[in-house]
Amino acid sequence: MNFSEVFKHSNQLCRFSPDGKYLATCVQYRLVVRDVNTLQILHLYTCLDQIQQVEWSSDSLFILCAMFKRGLIQVWSLEQPDWHCKIDEGSAGLVASRWSPDGRHILNTTEFHLRVTVWSLCTKSVSYIKYPKACQQGIDFTKDGRYLALAERRDCKDYISIFVCNDWQLLRHFESETQDLAGIEWSPNGCVLAVWDTCLEYKVLLYSLDGRLLSTFSAYEWSLGVKSVMWSPSSQFLAIGSYDEKV
């Protein structure tokens, strides 16, 4: 086993690209991209402030750097080193940022979860999604990247909105039969959405793409609820882990 020399990095920000060809590390406000085979520096980018999050696009052509303190996102291109993009959320602030599956849109969540802003790198268009819920897993894409499910909280009730990712138009909007929704997750085939309730109540609901409630499961009452959920690759089974250390 061979070891390379030690490279500096900040905040444990070290990410391999999805295609396995590049390694990105952050040192304060600098982003360093290396070739995985030689570990030689391919690109060196300078951001406007200290980097707090780094994430590759799905095709490994772009890399996102988030600076939450300033509400800023900077995006860099590996194919065109001179090209870059800056997204400023302004007074709305920024608490989370992620790529869409196509690698051409960025979803930013503002402070206090007032909205999710969808920025397009291709058309420079902006879409807004209101009332995102602050929970364990409130946003999930289908595996094929066609649909986005978003947990919402309005009027002291939980709702789920399903959007088409091509144009970010609302496809379905329905109320969830939960007291305090904790998370959502699509099945691998994208046909069923699993929804689980707060950790204080054991409750899992399965919804179809058109918002119909297919099934409800509750192992017991008056005890702690769901801790983790995992679909089988075939979408036929759903493993549910609870706080009593049972599956």
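Anything mentioned here points back to the structure above.
Quantities reported herein were computed from a predicted structural model and do not represent experimental measurements. (Residues numbered from 1 in each chain as written. Predicted model: local features only at pLDDT ≥ 70, side-chain atom pairs only at ≥ 80, totals over all residues. Heavy atoms only, no water.)

**A short note on the overall build of the protein chain**
Within the protein chain one finds zero helices and 22 strands. The C-alpha atoms of the protein chain give a radius of gyration of 20 Å, which matches the 18 Å a tight globule of 247 residues would have. Taking the principal axes of the C-alpha coordinates as reference, the protein chain spans close to 55 × 45 × 30 Å. Going through the 247 residues of the protein chain one by one, you find that 46% of them count as buried. If you take every contact in the protein chain between residues at least 6 apart in sequence, the share linking residues at least 24 apart comes to 31%. (Helix = DSSP H or I, 4+ residues; strand = E, 2+ residues; numbered from the N terminus. Rg over C-alpha atoms; globule rule 2.2 N^0.38 Å. Buried < 20%, exposed > 50% of the residue type's maximum accessible area, 1.4 Å probe, protein only. Contact = heavy atoms within 4.5 Å.)

**Some points on the pairing of strand β9 (residues 96-99)**
Of the two faces of β9, only one is covered, namely that formed by Ser97 and Trp99; the face formed by Ala96 and Arg98 stays uncovered. In the sheet, β9 pairs with strand β10 (residues 105-109) via four bridges, with the strands oriented antiparallel. Paired with Ala96 across the strands is Thr109, a residue of β10. Here β9 folds back onto β10, and the loop between the two strands holds five residues, one of which, Gly103, carries a positive phi near 70°. (Pairing = 2+ DSSP bridges.)

**Notes on the environment of Ser161**
Along the chain, the position of Ser161 falls in strand β15 (residues 157-164). Expressed as a C-alpha distance, the spacing of Ser161 and Leu72, which sit 89 residues apart in the sequence, is 27 Å. A polar contact of 2.8 Å, which involves the side chain of Ser161, links it to the side chain of His173. (Polar contact = N/O pair within 3.5 Å; in protein donor to acceptor, adjacent residues only side chain to side chain.)

**What to know about the sheet that holds strand β1 (residues 14-16)**
Here four strands make up an open sheet; going across it, the order is β1-β2-β3-β4 and the pairing antiparallel. Looking along the sheet, the strands with just one partner apiece sit at the ends: β1 and β4 (41-46). Pairs of neighbouring strands in the sheet enclose a mean axial angle of 15°, with direction left out of account. Inspection of the sheet shows strand β2 (residues 22-27) paired to strand β3 (residues 30-35) by six bridges, in the antiparallel sense. Paired with Tyr22 across the two strands is Asp35, which belongs to β3. (Axes fitted to C-alpha atoms, helices over the stretch in contact; angles between N-to-C directions.)

**Considerations on the pattern of salt bridges**
Under the criterion given, the structure shown has seven salt bridges. The partner of Lys133 in a salt bridge is Asp180, with the nearest N and O atoms 2.6 Å apart. Taken together, the residues span a long stretch of sequence, with Lys133 in the loop between β12 (126-130) and β13 (139-141) and Asp180 in the loop between β16 (169-175) and β17 (183-186) at a distance of 47 residues. Judged by its relative accessible area of 9%, Lys133 falls in the buried class. For Arg154, the salt bridge is made with Glu152, and the minimal N-O distance between the two is 2.8 Å. Arg154 sits in the partly exposed class, given a relative accessible area of 26%. Salt bridges linked by common partners bring Lys133, Arg153, Asp158 and Asp180 together as one network. (Salt bridge = Lys/Arg side-chain N within 4 Å of Asp/Glu carboxyl O.)

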